Amino acid sequence: MIAGKLFTATISVLYARCFVDNCRRKILKQPLQSSHVNQEEFIKAENTLWRLAQQAEFPEEMFQLQQAKEGRKTKLDKTSRIYKLSPFIDEAGVARMDTRIAEAVFVSYNTKFPIIFPKGHRLANLVIEWYRRYYLHANNETVINEVRQRFHIPCLRTLVRNLSKTCMQCRVMKAKPTYPREAPLPEARLSPHIRTFSFVGLDYFGPILVKVGRSLVKRWVALFTCLTIRAVHLEVVHSLSTEACKMAIRRFVVRRGAPLEIRSDNGTNFIGANRELQQQIKEMNQQLSEVFTNAVTKWVFNPPSAPHMGGSWERLQGVTQPPIPIPERPESLRPSWRLATNLVNQFWSRWIEEYLPIIASRTKWYEEAKEPKVGDLAVIVDASVRNGWLRGRIISVIKGRDGRIRQVLVKTSGGVLRRPVTKVAV
């Protein structure tokens, strides 16, 4: 038997029985019993526990069953809780259920005549908890089946389910985050009549093997997407360093102009580039100010483990195709100003009338969910880690524009982590 409260109770009863027996032997001047625990004494201690629980819950029934065992004519009251179980007393004084499978050959005595247990007794919970620990917190049906091999406990399924809800290990293993209603789109996705790439989403994809001379080297691609019209600009990046990221941003700004806002995931190279940007803006270095938009650009980071917040550029990684060359025709490259203005106006008119209604409806997370609160115990969901999710306490909540909680700060043993509520199970 594995360690647990039931095991502790059984051992306590065993030593109590041994002490009482030795006291009796000492009075009768008989040799004392050894304190060594053997299987027979352990079974006797268990039977004592079962018998005490039954006498506490069914005192009248146990008295009548004992009289019936001694040959006296007694009958259980039909209002008794164990009347329909056809109970009887075995050799150890434990009440058992007389089942219809007494003639079964390949089952044990405990299965043929299970021990009757009251559902509201503390010992019943200890028995169920022991089986849950023994079978490594398996699913409820496994625990129910194993308990029925030895005990008859009324409302067993309800008891197992309630214990599963209060078990911390089960809560951690079965923890599922809640999903609040899908957030409204940011202003960057809904701003017409502005310059292309005013609001930019930035992400990397790769690596891509490129042949340089006789060797193959790894290269990455920085994907800049306009959050408003979903236009795409690609830049080759030689490494995942901060310097390479800065160079890619410089090349992008030279070709497309300075963006008002850059959104990206929480990559270490992006964080470094943002710190560099803030430092150069603070120092007002003229050369870098021209590249980094002269203190105009705002960089917004999504919280870690929140790819759904960057779906605008995550989706484009799988559909990006090599560019198609367009023949340079002088007449097409030098349109009149009036024609260009008309084309731009027509584009934005169709963007408002045709594109906005498409992205207006929600595609998931339609219902309201229970919001986490400061002080709640939380489990950080991480699909890349098995049986090792971090646990901590929520110390702060961050609300979105719609007033719903979208992010939380969780204090763990390793520090304070910022995570979206979709990655936190309370």
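Look a little higher up for the structure.
Residues numbered from 1 in each chain as written. Predicted model: local features only at pLDDT ≥ 70, side-chain atom pairs only at ≥ 80, totals over all residues. Heavy atoms only, no water.

Peer 1: Can you explain the sheet that holds strand S9 (residues 298-301)? Please cite residues and give values.
Peer 2: Taken together, 5 strands build an open sheet; the order of strands is S7-S6-S5-S8-S9 and the sheet is mixed. In the strand order of this sheet, the two ends are held by strand S7 (232-237) and S9, each with one partner. Sheet twist, expressed as the mean angle between neighbouring strand axes with direction ignored, is 30 degrees. Relative to S9, strand S8 (residues 261-264) is paired through 4 bridges, and the arrangement is parallel. For Ser-264, the partnering residue across the bridge sits in S9 and is Phe-301. Across the face of the sheet, helix H9 (residues 242-256) comes into contact with strand S5 (199-212), strand S6 (215-226), S7 and S9 while running at roughly 140 degrees to S7. (Pairing = 2+ DSSP bridges. Helix = DSSP H or I, 4+ residues; strand = E, 2+ residues; numbered from the N terminus. Axes fitted to C-alpha atoms, helices over the stretch in contact; angles between N-to-C directions. Contact = heavy atoms within 4.5 Å.)

Peer 1: An account of helix H3 (residues 59-69) is needed here, citing residue identities and associated values.
Peer 2: By the burial criterion, the buried members of H3 are Glu-61, Met-62, Leu-65 and Gln-67. Directly beyond the C-terminal end of H3, a positive phi value near 100 degrees is found at Gly-71. (Buried < 20%, exposed > 50% of the residue type's maximum accessible area, 1.4 Å probe, protein only.)

Peer 1: I'd like to hear about the nonpolar core, residue by residue, with values.
Peer 2: Judged by nonpolar contacts, the single largest core of 28 residues is most densely connected at Trp-50, Phe-117, Leu-123, Ile-128, Phe-151 and Ile-153. For this core, the secondary-structure elements that each account for two or more residues are helix H1 (5-27), helix H2 (39-57), helix H5 (122-134), helix H6 (140-148) and helix H7 (156-166). Ranked by residue count, the leading element in this core is H5, at 7 residues. One finds Tyr-204, Trp-220, Phe-224 and Phe-301 within the second-largest nonpolar core, a separate group that totals 18 residues. (Core = buried A, V, L, I, M, F, W, Y, C linked by side-chain atoms within 4.5 Å.)

Peer 1: Break down the packing of aromatic side chains for me, with residues and values.
Peer 2: Under the definition given, this model contains 11 aromatic pairs. With 5.0 Å between their ring centres and 15 degrees between their planes, Trp-130 and Tyr-134 make a pair best called stacked. With Trp-130 and Tyr-134 both in helix H5 and 4 residues apart, this pair spans about one turn of that helix. Taking 5.4 Å as the distance between ring centres and 80 degrees as the angle between the ring planes, the aromatic pair formed by Phe-197 and Phe-252 counts as edge-to-face. Here the residue Phe-197 occupies a position in the loop between helix H8 (168-173) and S5, and Phe-252 occupies one in helix H9, the gap between them amounting to 55 residues. With respect to class, Phe-197 is no different from Phe-252; both count as buried. What links up through ring pairs into an aromatic cluster is the set Trp-130, Tyr-131, Tyr-134 and Tyr-135. (Phe/Tyr/Trp six-rings, centres within 6.5 Å; stacked < 30°, edge-to-face > 60°.)

Peer 1: Let's hear about a nonpolar patch on the surface: which residues, and what values?
Peer 2: Together, Ile-208, Val-210 and Val-212 make up a nonpolar patch on the protein surface, roughly 200 Å² of accessible area in all. Summarising the element assignment, Ile-208 is placed in strand S5. When its relative accessible area of 38% is taken as the criterion, Ile-208 is described as partly exposed. (Patch = residues over 30% accessible without salt bridge, like charges linked within 9 Å, V, L, I, M, F, W, Y side chains within 5 Å. Areas by Shrake-Rupley, 256 points an atom, 1.4 Å probe, with all protein chains shown as cover. Salt bridge = Lys/Arg side-chain N within 4 Å of Asp/Glu carboxyl O.)

Peer 1: Which residues make up the pairing of strand S11 (residues 391-399), and what values go with them?
Peer 2: Pairing of strand S10 (residues 377-380) with S11 involves 3 bridges; the strand directions are antiparallel. Residue pairing across strands places Val-379 opposite Arg-391, the latter belonging to S11. Sheet topology note: the S11/strand S12 (residues 405-412) ladder contains 7 bridges and is antiparallel. In the sheet register, Gly-392 faces S12, and the bridge partner there is Thr-412. Taking the residues that link successive antiparallel strands as the turn, the S11-S12 hairpin has 5 residues, and the phi of Gly-403 there is positive, at about 90 degrees.

Peer 1: Give me the lowdown on the packing of H5 against H7, citing residues and values where you can.
Peer 2: Interaxial distance between H5 and H7 falls to 10 Å at its minimum, and their mutual angle equals 65 degrees. Considered as vectors, H5 and H7 are oriented roughly perpendicular to each other. Judged by the sense of rotation from one axis to the other, the crossing of H5 with H7 is right-handed. Touching Asn-125, Ile-128, Glu-129 and Arg-132 of H5 are Leu-156, Leu-159, Val-160, Leu-163 and Ser-164, all from H7. Residues of the contact of H5 with H7, tallied by class, amount to 5 nonpolar, 2 polar and 2 charged. (Parallel < 35°, antiparallel > 145°, perpendicular 65-115°, else oblique. Left-handed = near helix turned anticlockwise from the far one by under 90°. Nonpolar A, V, L, I, M, F, W, Y, C, P; charged D, E, K, R; others polar.)

Peer 1: Describe in detail H7, supporting the description with residues and values.
Peer 2: All buried positions along H7 are accounted for by Leu-156, Leu-159, Val-160, Leu-163 and Ser-164. Taken around the axis of H7, the buried residues stretch over an arc of 135 degrees, which confines them to a single face. Opposite the packed face of H7, turned more than 90 degrees from it, sit the exposed residues Lys-165 and Thr-166. Looking at the packing, one finds that the buried side of H7 touches H5, H6 and H8. (Arc of directions from axis to C-beta.)

Peer 1: Pulling in residues and values, what's your account of the sheet that holds S12?
Peer 2: Across the sheet, which stays open at both edges, the 5 strands sit in the order S13-S12-S11-S10-S14 with antiparallel pairing between neighbours. Since the sheet does not close on itself, it has two edges, and those belong to strand S13 (415-420) and strand S14 (424-425), each with one partner.

Peer 1: Just give me the short version of the side chain of Lys-112, but keep the residues and values in it.
Peer 2: One can find Lys-112 in helix H4 (residues 109-112). Lacking a salt bridge, the buried Lys-112 has Glu-103 as its closest oppositely charged neighbour, with an N-O distance of 7.0 Å. Excluding anything up to four places from it in sequence, Lys-112 contacts Met-97, Thr-99, Ile-101, Ala-102, Ala-104 and Val-107. (Lys, Arg positive; Asp, Glu negative; His and termini not counted.)

Peer 1: Tell me what's going on with the packing of H5 against H6, and back it up with residues and numbers.
Peer 2: At their nearest, the axes of H5 and H6 sit 10 Å apart, and the two run at 120 degrees to each other. Of the possible angle classes, the one that applies to H5 and H6 is oblique. Crossing of H5 against H6: the hand is right-handed. Across the interface between the two elements, Ile-128, Tyr-131 and Arg-132 from H5 touch Asn-140, Val-143, Glu-146 and Val-147 from H6. A breakdown of the residues in the contact of H5 with H6 according to their chemical character gives 4 nonpolar, 1 polar and 2 charged.

This is a description of form; function is not addressed.
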